[in-house]
There are 4 protein chains.
Amino acid sequence: MTQPQKHTWKTKLHEVIYEADTPAGKSFDVVLLILIFLSIVLVMLESVAPLQAEYGDYFYLGEWIITIFFTVEYILRVISIKKPSSYIFSFYGLIDLISTIPLYLSFFIVGTNALLTIRALRLLRVFRILKVTRYIGEGNKLAKALKDSRPKILVFLFAVMILSVIAGTLMYIVEGPEHGFKSIPVSVYWCIVTLTTVGFGDIAPVTALGQFIATVIMVMGYGIIAVPTGIVSAEMAKGGQPEPEPNKLHLNTQVCHNCGAKKHQDHAKYCHNCGNSLHYE
Amino acid sequence: MTQPQKHTWKTKLHEVIYEADTPAGKSFDVVLLILIFLSIVLVMLESVAPLQAEYGDYFYLGEWIITIFFTVEYILRVISIKKPSSYIFSFYGLIDLISTIPLYLSFFIVGTNALLTIRALRLLRVFRILKVTRYIGEGNKLAKALKDSRPKILVFLFAVMILSVIAGTLMYIVEGPEHGFKSIPVSVYWCIVTLTTVGFGDIAPVTALGQFIATVIMVMGYGIIAVPTGIVSAEMAKGGQPEPEPNKLHLNTQVCHNCGAKKHQDHAKYCHNCGNSLHYE
Amino acid sequence: MTQPQKHTWKTKLHEVIYEADTPAGKSFDVVLLILIFLSIVLVMLESVAPLQAEYGDYFYLGEWIITIFFTVEYILRVISIKKPSSYIFSFYGLIDLISTIPLYLSFFIVGTNALLTIRALRLLRVFRILKVTRYIGEGNKLAKALKDSRPKILVFLFAVMILSVIAGTLMYIVEGPEHGFKSIPVSVYWCIVTLTTVGFGDIAPVTALGQFIATVIMVMGYGIIAVPTGIVSAEMAKGGQPEPEPNKLHLNTQVCHNCGAKKHQDHAKYCHNCGNSLHYE
Amino acid sequence: MTQPQKHTWKTKLHEVIYEADTPAGKSFDVVLLILIFLSIVLVMLESVAPLQAEYGDYFYLGEWIITIFFTVEYILRVISIKKPSSYIFSFYGLIDLISTIPLYLSFFIVGTNALLTIRALRLLRVFRILKVTRYIGEGNKLAKALKDSRPKILVFLFAVMILSVIAGTLMYIVEGPEHGFKSIPVSVYWCIVTLTTVGFGDIAPVTALGQFIATVIMVMGYGIIAVPTGIVSAEMAKGGQPEPEPNKLHLNTQVCHNCGAKKHQDHAKYCHNCGNSLHYE
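Looking at an unreviewed UniProt entry, one finds chain A named Probable ion transporter, with Leeuwenhoekiella blandensis as its source organism. The UniProt entry for chain A carries the following text under Subcellular location (unreviewed entry): "Membrane".

In structure tokens form, the structure reads like this:
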């Protein structure tokens, strides 16, 4: 049994930022969620030309405030963990970095295409939305059913691709560039638009033969839309059967501040990964 | 055992309006359903400009007749129940009020935008259609299956939102305002139109890269349309298993005229909620 | 035990026309199917203006040949059955009549709108396609699953209607006649086009608020498309369970020429309905 | 026990080309897959007019290189098998031939329409994509579920056809050629576009009655899309039940070089079809 760690500001910070078991930790998460949401709304509104023209300055100000907050958050996350590299190179660490730096990068880019590049870079901030996935329970049945049916879905998608390439080539021959099917890639695009029952209508067959082939493609699409649905339904139905669920133990949001391991049980005293104490006294 | 209530006009009215076990109660419901239907048809026809120009006066007359009926019905509902507030502030009480008053309100609104406001207000009458939900059996398997799958569907919708925001931003960068993707919100709108396989075609990608990304979005949409279907199917299949159904007892349409509680059993003598007698002698 | 009937030309005709157990009966059915198919193709081709202009005379000739055949078939069907009324007023009897007479009726119609009326009447021949349903096995699992899920599907469709009326009115207020939503019925039509994920794109929202509401409608449509699918899937899955199937007895295509009853067992000697002998000696 | 065959260059070649158990066999398959992929990309890019104008010569060169490789592969496949006819007239043998010869044929075609014919012929090379199906596991559950539900799906498609013909004729009468429904075949095409929820929008009803009928068709389409999904789901769910799977024996990719039979067990010494030895010593 190792000596419980001292409750330094670092371990306390770790608890607030990485966990949601304490009131402070919960408040931190709520503030973060609100800021992510505001940040996404801001990125979206900036792209609306009339709004940007009128309120551009406020948007810029708001963006700086949010960026500074996220910068502070990023730094705190790095210093409050014992092995910073385990955070920095994790999925969320990279997302946090990518979604924070665009505004800073805009200072270093000069030249002719500067404005355009900055504009594109700033849109990277939209990836902040991925930070929200932290709050969606992982490992739930939904993901499991999807994962279990992946091989079948891949085979299915492959079959759809083969069908689309052949049908697309056929439509290119039948309709030709004069009716919008201007190349095979475009025809294949149209085929997928039709097979998936999206049907934009930007390209549509006009010859009798083309419309007949389109009918066959649509009815096939109608028939095969049943396949992925059937696959997932069957997986879900299986998932719905009573099964011994040892993972129904309540897992809290504590994160080991030594190795970053997650999913500790409520009464766990030591990290299940590195054996470090989870209690801060 | 409390003394059975006297069969006053009030209790009789309560029986006719709130219940459907007596011939009078059934007739009342049929008349009400027909009037709701006529009322909705009227609101719809009024919005058709040529019809309004020609038959406007008849529509106005018909609307007044229906409004007066609904006013009388509302007043009778209020006075025939012992605790009027339990009706007035119930879901149906509010719907009844909202769908009845627009025509009266049109007298009190004067000024420049009066006509426009009145027009919008009168459309509120369309909410009368919600009164019909009274006649759809509640608590059936359908609603239960939907309710049980709600958490999974919410997680799923959340994933769709995240995907749409990122894909929408991507399409905005790739296609840009010159091809109809004039801002990120519009691109996100297009993304949802595509993911849900609706595909209006008012906006459609024209660049090769844009069409390729659209293809990926569509095939993903095709794949993930399976998810909510699978969820509900699995829930329904579960619901289809033989299970002890204690709620298969026949519940009649009697409503306690004291507290407004519903779902009494056929042989119930007293309200299961307030103990008041249900028999009127 | 009644005396077996004599094998008159009438009973022989009955066997050929109404049954498919003898070589002659099978040949008759094949010829009939081919003629129905040719007849439908003819109706379709006649509607194509350029083809009608060039080959109109041949189409007219072909139509007369087919009509005469169907007339003869109709007369034979009537005279070869003991109770003609049981055929004449049956579903197929009416279809046979409706799809045969249009050409004859064209002689009796004179006047200003004669040509138009005749043209519309002749299209009635398309109903001949319903005669094909004779050859689709009745009482199969598909129809049963659909029938069993009908009450649930009706409740569901009702909910879709209520939703469409309210959402349609909302879109009418938000978008208004200037953006194509020219009346509430048209808006409701658009709503159903969107909810069912058809998405023609002839009408599409252009205001930001309208597009937002459209997004909500689409996501709801995406969610509720799962409901009918789930219902039918669950019913089908139930149908897939092993169950004692007493109706797996082979039923042949013999038809009692006395009362017209169908579905006799292979070894049946007497009509299960009227007790008349099925054997012709 | 027959004498094991000598390991001649022919049997070795057979092992490399037809099997994937040896390193050489695996490498051959990988190279083949890459070349098929490149070949398809080339066919597609050639159809893009601007790319063809600029890089046409490189495309032509690349096409010759690939064609020569496939020619060599075809010849080797023919000479390394004992009964060449069993390969030449097999599905893959025909695909291999059809997708290889177009470039050679272009030498023998002269005259006025030569260029057009050659262009169409060269597109035949797209069928090379079917060669990839060699690498998709056959006999998996997916194909089985589809195969098992085929009779039900056929009945269903038949019902869709009948519905489309009748509804198409109806729309032709109601909307008429002036609103895009220029003939019954076109109206039937529109009906299938609508029923399958594709909804291009190239043709859309404009009259009130036409829109009402369209609504009914759409809601029906919405209802019946559930049917094929339900069928496949039910079949898949059945397939998901634990069942004794004798075909779970590992079958390797060895192919008998005598008779071409496939699916030998790992420890098989003799072809299960012709008894020829599978071991080459």
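Moving on: the interface of chain C and chain D. With 40 residues of chain C at the contact, the number on the chain D side is 39 residues. Of the roughly 3400 Å² buried between chain C and chain D, counting both surfaces, carbon and sulfur atoms make up 79%. Applying the counting criterion to the chain C and chain D interface returns 0 salt bridges. Remark: the boundary between chain C and chain D carries 1 residue pair in polar contact (both at pLDDT 80 or more). Contributing elements (two or more residues each) for the side of chain C that touches chain D: helix H2 (23–46), helix H8 (141–148), helix H9 (150–175), helix H10 (184–195), helix H11 (208–224) and helix H12 (226–240) of chain C.

So, about the UniProt feature "transmembrane region" (unreviewed entry) in chain A. Mapped onto this numbering, the UniProt entry gives "transmembrane region" (unreviewed entry) at residues 30–52, 58–76, 88–110, 153–174, 186–206 and 212–232 of chain A. Span residues 153–174 of chain A is 100% helix and 0% strand, its end C-alpha atoms 31 Å apart.

Another aspect to go through is the packing of aromatic side chains. All names here are of chain A. The tally for this structure, following the rule as stated, stands at 32 aromatic pairs over all chains. Taken together, a centroid distance of 6.5 Å and an interplanar angle of 85 degrees make the contact between Tyr 60 and Trp 64 edge-to-face. Of this pair, Tyr 60 and Trp 64 both sit in helix H3 (residues 49–80), separated by 4 residues, roughly a single helical turn. Assessed through its relative accessible area of 37%, Tyr 60 is described here as partly exposed. Residue class for Trp 64 comes out buried when judged on its relative accessible area of 17%. Linked through ring pairs, Tyr 60, Trp 64 and Tyr 104 together constitute an aromatic cluster.

Rotating chain C by 90 degrees and moving it 0.0 Å along the rotation axis overlays it on chain B with an RMSD of 0.1 Å. One copy is carried onto the other by what is essentially a four-fold rotation axis. Comparing interface residues between copies, only 18% of those in chain C also sit at the interface in chain B, which points to a heterologous contact through distinct surfaces.

Note on the identical chains: chain C maps onto chain D by a rotation of 90 degrees and an axial translation of 0.0 Å, with an RMSD of 0.1 Å. Mapped onto chain D, only 18% of the interface residues of chain C are again interface residues, and the two copies thus contact each other with different surfaces.

Conventions and cut-offs
- Residues numbered from 1 in each chain as written.
- Chains lettered and ligands numbered in written order.
- Predicted model: local features only at pLDDT ≥ 70, side-chain atom pairs only at ≥ 80, totals over all residues.
- Heavy atoms only, no water.
- UniProt positions renumbered as here; feature names shortened; annotations may be inferred.
- Contact = heavy atoms within 4.5 Å.
- Buried area = accessible area lost by both parts, 1.4 Å probe.
- Salt bridge = Lys/Arg side-chain N within 4 Å of Asp/Glu carboxyl O.
- Polar contact = N/O pair within 3.5 Å; in protein donor to acceptor, adjacent residues only side chain to side chain.
- Helix = DSSP H or I, 4+ residues; strand = E, 2+ residues; numbered from the N terminus.
- Phe/Tyr/Trp six-rings, centres within 6.5 Å; stacked < 30°, edge-to-face > 60°.
- Buried < 20%, exposed > 50% of the residue type's maximum accessible area, 1.4 Å probe, protein only.
- Least-squares fit on C-alpha atoms with pLDDT ≥ 70 in both.

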